[in-house]
Amino acid sequence: MDKKERIILFVPLIITILAILIINITLIKSNEIIINNFEIISNNYINFVSILVGFLITTISIIIGFFDKKIIKIIVRNKKDKILYANWFLTIMTGIASIIQMFYIAAVFNEDIKIVYKIPLYIFILFMLLFMLYLIFSLIYFFGIAKSVMTEEIEDEKENEEVEKMKREKISMPEKVK
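Worth saying up front: this structure is predicted, and the values here are computed from it rather than measured.

K.L.:
So what's going on with unusual backbone geometry? Residues and values would help.
P.N.:
Of note in the backbone geometry, N37 takes a positive phi value of approximately 60° without being a glycine. Phi is positive for K114, which is not a glycine, with a value near 55°. By relative accessible area, which is 27% here, K114 ends up partly exposed.

The following block contains the structure:
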């Protein structure tokens, strides 16, 4: 993994920290935040993230099945395997961490007064935004790799066609025997 790729891994963290600072400035008045219908929100979020993490793990499993295929050889040859692994790992870990934080908030949530404290909510927002951004970045990165693989396959096909054409042109037709 080169320096540029390492910097790319920090972009979601920087965006998330800026978002939390903006949220903190807007909610500076209180240490408590009132949330109506928290149970519905938390259940839907947990389902949503679980589905996305499952989808990502399934995608990784499918790609592992391609070990002997050209796409894996190109990923390894171009040294993109480490950044792809780091993106997937961070996506899965931040998704799981956001679910754990949501469980914590649900455990301490006071149903009577519908209050969530600011710090646990900020930690949840941190993991949630990181999960979403890492997911977006890993998909963009993976589709970029897939595009380069397809481009390389097209170039290989053109080369094969040119070789076949040259072979046909060099073959001379035998003359008729009288």
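K.L.:
So what about the layout of surface pockets? Which residues, and what values?
P.N.:
Of the voids in this model, the largest pocket is the one considered here, and its volume is about 260 Å³. Taken together, 13 residues make up the lining of the largest pocket; nearest its centre are I63, D81, L84, Y85 and W88. When residues of the lining of the largest pocket are traced back to their parent elements, those giving at least two are α2 (38–64), α3 (70–77) and α4 (81–108). The biggest single contributor to the lining of the largest pocket is α4, with six residues. Tallied by class, residues from the lining of the largest pocket come to twelve nonpolar, no polar and one charged.

K.L.:
An account of the packing of α2 against α4 is needed here, citing residue identities and associated values.
P.N.:
At a closest axis distance of 10 Å, the pairing of α2 and α4 adopts a crossing angle of 160°. Comparing their axes, α4 and α2 come out roughly antiparallel. Once α2 is placed against α4, the crossing between them reads as left-handed. Between α2 and α4, the contacting residues are F38, S42, Y45, I46, V49, S50, V53, L56, I57, I60 and I63 on the first element and W88, T91, I92, G95, S98, I99, M102, F103, I105 and A106 on the second.

K.L.:
Could you give an account of the nonpolar core, with specific residues and numbers?
P.N.:
Core analysis: the largest hydrophobic core is formed by 37 residues, its most contacted members being F38, L84, W88, V116, L121 and F124. Those elements that place two or more of their residues in this core are α1 (3–26), α2, α3, α4 and α5 (118–170). In terms of residue count, the dominant contributor to this core is α5 (ten residues). Contact partners of L121, with chain neighbours within four places excluded, come to I33, I105 and V116.

Calculation notes
Residues numbered from 1 in each chain as written. Predicted model: local features only at pLDDT ≥ 70, side-chain atom pairs only at ≥ 80, totals over all residues. Heavy atoms only, no water. Buried < 20%, exposed > 50% of the residue type's maximum accessible area, 1.4 Å probe, protein only. 1 Å grid on protein atoms, 1.4 Å probe; cavity = no way out; pocket = protein on both sides within 12 Å on 5 of 7 lines; lining within 4 Å. Points joined across faces, edges and corners; volume = space filled by probe spheres on them. Helix = DSSP H or I, 4+ residues; strand = E, 2+ residues; numbered from the N terminus. Nonpolar A, V, L, I, M, F, W, Y, C, P; charged D, E, K, R; others polar. Axes fitted to C-alpha atoms, helices over the stretch in contact; angles between N-to-C directions. Parallel < 35°, antiparallel > 145°, perpendicular 65-115°, else oblique. Left-handed = near helix turned anticlockwise from the far one by under 90°. Contact = heavy atoms within 4.5 Å. Core = buried A, V, L, I, M, F, W, Y, C linked by side-chain atoms within 4.5 Å.

Note that every value here comes from positions in space, so none of it alone points to a role or purpose.
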